[in-house]
Amino acid sequence: METLLILLRGINVGGKNKIPMAELRTWLEGLGFLDVSTFIASGNVVVTTDRSADETAAQIEAALPKAFQLDSEIVKALALTGEDLQGVVDNRPAGFGDQPDKYHSDAIFLIGVDSAEVMPIFNPREGVDRVWPGEGVVYSERLSAQRTKSRLNSIMTSPLYKSMTIRSWNTTVKLLEILKARGADEQA
């Protein structure tokens, strides 16, 4: 059995594809996932399963639009192990996420594409935006005082945007803490 983080793309965003978290938890339990918990209402789910991360993501992604009334074109699922998420945090660029009062920092998780494929769609504005490729992730940072001048929203026009799900750096770190705590509980 393994604890996995499921990142759902395209639910509870902008009033679309609404799924109450209690219903999502119950539905996932019905699929056989154990110890299902959610963190904030933006599609962050922790489960225990005997399935692989890839199997878990595929099953959830295929079944979710059938169980809930969703626009299936934008809904995707990414399953990460604790080791995967630890790698995202450990391999961040030097200083990334360390100045939350100065920068808005995000982890842009990639689903079925790699950073080399998506980096060309980013058009950072010098002095405002910075982006770095990572393993399964793009690290994105905007100068808070200049965020209205950011060009990072331009990625939304690319078809590749449908293969990304974004989490703030604070949420990413908190999700890692949750996974670590669950792992420690399982070993106790």
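Cut-off values and rules
Residues numbered from 1 in each chain as written. Predicted model: local features only at pLDDT ≥ 70, side-chain atom pairs only at ≥ 80, totals over all residues. Heavy atoms only, no water. Pairing = 2+ DSSP bridges. Helix = DSSP H or I, 4+ residues; strand = E, 2+ residues; numbered from the N terminus. Axes fitted to C-alpha atoms, helices over the stretch in contact; angles between N-to-C directions. Contact = heavy atoms within 4.5 Å. Core = buried A, V, L, I, M, F, W, Y, C linked by side-chain atoms within 4.5 Å. Buried < 20%, exposed > 50% of the residue type's maximum accessible area, 1.4 Å probe, protein only. Phe/Tyr/Trp six-rings, centres within 6.5 Å; stacked < 30°, edge-to-face > 60°. Parallel < 35°, antiparallel > 145°, perpendicular 65-115°, else oblique. Left-handed = near helix turned anticlockwise from the far one by under 90°. Nonpolar A, V, L, I, M, F, W, Y, C, P; charged D, E, K, R; others polar. Salt bridge = Lys/Arg side-chain N within 4 Å of Asp/Glu carboxyl O.

Colleague: When you look at the sheet that holds strand S3 (residues 44–49) in this model, what are you seeing that I'm missing?
Modeller: Across a sheet, strands are paired by hydrogen bonds formed along the backbone, either parallel or antiparallel in direction. Strand order in the open sheet made by the four strands is S2-S3-S1-S4, with antiparallel pairing throughout. The sheet is open, and its two edges are formed by strand S2 (34–39) and strand S4 (76–81), each paired on a single side. Put simply, the sheet's adjacent strands are angled 25° from each other on average, direction ignored. Together, strand S1 (2–9), S3 and S4 form the strand contacts of helix H2 (residues 53–67), whose direction differs from that of S4 by roughly 155°. Packed on one face of the sheet, helix H3 (residues 82–90) meets S1 and S4 and runs near 90° to S4.

Colleague: Any chance you could explain the nonpolar core here in plain terms?
Modeller: Generally speaking, nonpolar side chains in soluble globular proteins are found buried as a group. By size, the foremost hydrophobic cluster in this structure holds 23 residues, and its most contacted members are Ile6, Leu8, Leu24 and Leu64. Counting residues per element, the ones that place at least two in this core are S1, helix H1 (21–30), S3, H2 and S4. Among the elements that line this core, the one with the most residues is H2, at five residues. Ignoring sequence-local partners within four residues, the contact set of Leu64 consists of Leu8, Ile11, Ile19, Leu24, Trp27, Leu70 and Val75. Formed by 18 residues, the second largest nonpolar core is a distinct cluster that contains Leu7, Leu78, Val137 and Trp169.

Colleague: What is the right way to read the packing of aromatic side chains from this model?
Modeller: Between two aromatic rings, the relevant description is the distance of the centres plus the angle of the planes. Applying the stated criterion across every chain yields a total of five aromatic pairs. With a centroid separation of 5.8 Å and an interplanar angle of 80°, the aromatic rings of Phe96 and Trp132 are classed as edge-to-face. Here the residue Phe96 occupies a position in the loop between H3 and strand S5 (103–110), and Trp132 occupies one in strand S6 (residues 129–133), the gap between them amounting to 36 residues. Relative to Tyr139, the ring of Phe96 lies with its centre 5.3 Å away and its plane at 70°, an arrangement referred to as edge-to-face. With Phe96 in the loop between H3 and S5 and Tyr139 in strand S7 (residues 137–143), the pair connects residues that are 43 residues apart, well separated along the chain.

Colleague: Looking at this model, I keep getting lost on the packing of H1 against H2. Mind explaining?
Modeller: Two quantities define a packed helix pair, namely the angle between the helix axes and the distance between the axes. The contact between H1 and H2 brings their axes to 12 Å, and the two run at 125°. What the angle tells us is that H1 and H2 run oblique. Taken as a pair, H1 and H2 cross one another with a handedness that is right-handed. Of the residues in H2, those in contact with Leu24, Trp27 and Leu28 of H1 are Ile60, Ala63, Leu64 and Ala67. Here the contact of H1 with H2 is built from residues that sort into seven nonpolar, no polar and no charged.

Colleague: Could you clarify how one ought to interpret the pattern of salt bridges in this entry?
Modeller: Where charged atoms from two side chains of opposite charge approach closely, those side chains can pair. As enumerated under the stated definition, the model contains four salt bridges in all. Linking Arg92 and Asp98 is a salt bridge whose minimum nitrogen-to-oxygen distance equals 2.8 Å. Owing to a relative accessible area of 28%, Arg92 belongs among the partly exposed residues under this scheme. For Asp106, the salt bridge is made with Arg142, and the minimal N-O distance between the two is 2.8 Å. Here Asp106 is found in strand S5, whereas its partner Arg142 is found in strand S7, with 36 residues between them in sequence. When sorted by exposure, Asp106 lands in the same class as Arg142, which is buried.

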